[in-house]
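# Understanding the architecture of this molecule
What follows is the residue order along each chain.
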Amino acid sequence: MNNVTLSCNVNASPATLLVNVSGKFYEYTLKGEISANDVDDIQDNEMLRKVTFDPEVFFNILLPPIIFHAGYSLKQRHFFRNLGSILAYAFVGTVVSCFIIGLFMYGCVMLMKQIGHLGGDFFFTDCLFFGAIVSATDPVTVLAIFNELQVDADLYALLFGESVLNDAVAVVLSSSIVAYQPEGDNTHTFEAMAMLKSFGIFLGVFSGSFALGVATGVVTALVTKFTKLRDFPLLETALFFLMSWSTFLLAEACGFTGVVAVLFCGMTQAHYTFNNLSPESQDRTKQLFELLNFLAENFIFSYMGLTLFTFHNHVFNPIFIVGAFLAVFLGRAANIYPLSFLLNLGRRNKISSNFQHMMMFAGLRGAMTFALSIRDTATYARQMMFSTTLLVVFFTVWICGGGTTQMLSCQKIRVGVDTDQETSIGPDGVERRSTKHESAWFFRIWYNFDHNYLKPILTHSGPPLNATLPACCGPLARCLTSPQAYENEEQLKDSDSDLILNDGDITLSYGDVTVSTDAAGAHTSGTPVGGVAVNSDEALDRELAFGDHELVIRGTRLVLPMDDSEPPLPLDSHRHRHKNETMS
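Quantities reported herein were computed from a predicted structural model and do not represent experimental measurements.

### Things to note about helix H10 (residues 258–276)
The end-to-end C-alpha distance of H10, which contains 19 residues, comes to 25 Å, matching closely the 27 Å that a straight helix rising 1.5 Å per residue would cover. Helix geometry: H10 is bent most strongly at Ala270, by close to 45°.

Right under this line is the structure:
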């Protein structure tokens with residue numbers, strides 16, 4: 001019946017509040033801070049509340065389809081060939097960028113404090129948190145233009161792969177910074193044990209999320225392989241969708257990061273489960289997640305513009321804003337240029353300077369940065385970071401995204417490149433076909449293991465397991481290998497499968513011609529029927545010109561597509577065409 005005012009000092013606004021009234025506990029959730037002038041005029045804010053979404057909606061509803069689509073639509077062939085460089089940019093580069101931005105912004109905060117422009121607490125951990133959230137790149141505009149103009153596949157893979165993985169890294173990194181809690185009264189001092197604990201949280205959460213996402217994808221692949229779901233395409237599509245979405249919720253329930261889990265789930269689903277789906281479900285799942293991604297991206301950017309005018313507690317500080325733009329530029333430069341120099345020391349296919357300039361220019365900020373910044377706007381520091389983040393996102397999307405075509409022309413980057421044709425520019429400026437021996441060593445090892453063991457276990461493609469496993473594992477191999485693998489042994493349909501030149505000898509059989517390639521890359525050609533000799537270079541070129549090739553490696557007979565642009569031709573057609581060419 002009486003108004004009772006209780007005062008207490010807290011460092012941050014509590015998300016929930018338990019009130020004990022006569023032995024009964026009531027739970028209240030935080031809606032936001034209200035200024036002293038608006039206490040008696042709360043009803044006027046009801047309309048603004050109706051157009052204001054709970055920040056958790058972005059994380060639980062809108063982000064999962066965006067991240068899943070990124071992993072599901074990944075061009076795995078080029079991604080794995082540049083895997084080492086992508087991991088370096090995504091992990092090392094994001095951490096370097098986070099600390100560069102954090103240190104620079106802390107200097108700006110100290111300057112603001114000296115001249116009296118700081119209206120609240122702003123600690124070094126807040127600066128690091130800001131560095132983590134603005135290190136998440138989202139070059140959706142640039143990648144859309146790249147895809148339309150068919151820009152060089154390696155540049156596309158580097159930029160897309162980095163943006164996909166560093167979103168995941170930025171989420172885990174920001175949560176690790178928030179978890180930094182030194183012992184004692186002062187929670188904002190540096191303590192080595194607290195920092196090591198945060199680093200351990202980062203590794204544990206990321207690896208756990210990775211394992212959970214891959215495990216869910218593997219379970220879905222096994223279910224679609226050993227059941228008759230493909231006879232019911234609608235049910236198959238629904239199960240695929242629910243299994244993929246549940247990965248996010250399961251990871252969050254286990255204390256991991258759903259964004260990371262759903263990303264690697266999408267990559268696993270694309271690599272294995274997609275091959276087991278019926279043709280109808282393959283088309284439906286691709287179109288479904290493409291549509292959800294498009295709708296979620298558009299909604300987030302629309303809501304981003306709305307919050308610029310409806311958010312109550314904007315804090316625009318000119319010094320902080322200018323410092324943020326400079327810090328973002330320096331952080332991106334510290335990510336791209338030093339790492340590219342170090343990576344080029346070990347890469348055969350160098351990352352050229354114009355590629356580096358394009359990657360530097362294409363570091364847009366987007367949906368992930370916005371979602372991370374709006375998740376907590378309770379304190380003065382978080383409100384200033386949110387307002388500045390909006391300006392950074394708008395500027396990079398409008399200026400950098402809008403200038404992509406002009407930047408491509410300025411840097412003289414090739415467009416109209418067929419991603420299925422493995423060609424590159426040699427030192428003499430002449431196009432040459434690049435061999436898979438130039439691929440990353442990790443990719444070659446992974447491809448052999450995946451093709452010989454994982455693909456036959458999880459899909460209907462690949463060689464039968466009794467051809468790759470030891471003889472003692474015969475019963476297990478027959479149990480895990482599907483009948484389709486025996487029937488379609490000569491028809492491996494895999495979008496990311498290519499001819500990989502190993503260190504051992506490889507024999508290519510084309511009709512009546514045999515081309516042998518040794519470890520040094522030299523090749524010789526046998527004699528065709530009829531005694532007419534064929535030049536070795538011409539024979540190899542003819543080998544590479546057709547869609548399917550018969551590859552013999554250590555006694556294992558495989559069929560690998562080399563060019564997806566042409567339909568596979570039967571072996572008899574190859575032999576017939578070759579004989580006609582030989583007679584002529």
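### Thoughts on a nonpolar patch on the surface
Taken together, the side chains of Val92, Val96, Ile100, Phe329 and Leu330 present a nonpolar region at the surface, about 400 Å² in accessible area. For the nonpolar patch, the secondary-structure elements that each account for two or more residues are helix H4 (83–114) and helix H12 (318–344). Examining the composition of the nonpolar patch, we find that three residues originate from one element, H4, more than from any other. Position of Val92 relative to the elements: it lies in helix H4. Among the residues examined, Val92 registers a relative accessible area of 44% and is labelled partly exposed.

### A short note on the packing of helix H2 (residues 55–72) against helix H11 (residues 279–310)
Orientation of H2 relative to H11, taken along the N-to-C sense of each, is 130°, at an axis distance of 8 Å. By the criterion of interaxial angle, the relationship of H2 to H11 is oblique. Of the two possible hands of crossing, H2 and H11 adopt the one that is left-handed. For the pair H2 and H11, the contacting residues are Phe58, Leu62, Pro65, Ile66, Phe68, His69 and Tyr72 in the first and Thr285, Lys286, Phe289, Glu290, Leu292, Asn293, Ala296, Glu297, Phe299, Ile300 and Tyr303 in the second. Looking at the contact of H2 with H11, its residues break down into twelve nonpolar, three polar and three charged.

### Here's the deal with the environment of Leu239
Topologically, Leu239 is positioned in helix H9 (residues 233–253). For the pair formed by Leu239 and Val223, sequence separation is 16 residues and the distance between their alpha carbons is 9.9 Å. When near neighbours in sequence (up to four residues on either side) are disregarded, Leu239 contacts Val223 and Leu229.

### Description of H9
For an α-helix the count is 3.6 residues per turn, leaving residues at separations of three or four pointing the same way. Taking 1.5 Å as the rise per residue, H9 with 21 residues should run 30 Å; its terminal C-alpha atoms sit 30 Å apart, in good agreement. Along its length, H9 reaches its greatest deviation from straightness, about 25°, at Thr247. The complete set of buried residues in H9 reads Glu236, Thr237, Phe240, Ser244, Thr247, Phe248 and Ala251. Here the buried face of H9 lies against H2, helix H8 (192–226), H10 and H11. Following H9 by one or two positions, Gly255 adopts a phi angle in the positive range, close to 90°.

Conventions we followed
- Residues numbered from 1 in each chain as written.
- Predicted model: local features only at pLDDT ≥ 70, side-chain atom pairs only at ≥ 80, totals over all residues.
- Heavy atoms only, no water.
- Helix = DSSP H or I, 4+ residues; strand = E, 2+ residues; numbered from the N terminus.
- Expected span 1.5 Å × (residues − 1).
- Bend = angle between axes of the 7 residues up to and from the residue.
- Patch = residues over 30% accessible without salt bridge, like charges linked within 9 Å, V, L, I, M, F, W, Y side chains within 5 Å.
- Areas by Shrake-Rupley, 256 points an atom, 1.4 Å probe, with all protein chains shown as cover.
- Salt bridge = Lys/Arg side-chain N within 4 Å of Asp/Glu carboxyl O.
- Buried < 20%, exposed > 50% of the residue type's maximum accessible area, 1.4 Å probe, protein only.
- Axes fitted to C-alpha atoms, helices over the stretch in contact; angles between N-to-C directions.
- Parallel < 35°, antiparallel > 145°, perpendicular 65-115°, else oblique.
- Left-handed = near helix turned anticlockwise from the far one by under 90°.
- Contact = heavy atoms within 4.5 Å.
- Nonpolar A, V, L, I, M, F, W, Y, C, P; charged D, E, K, R; others polar.

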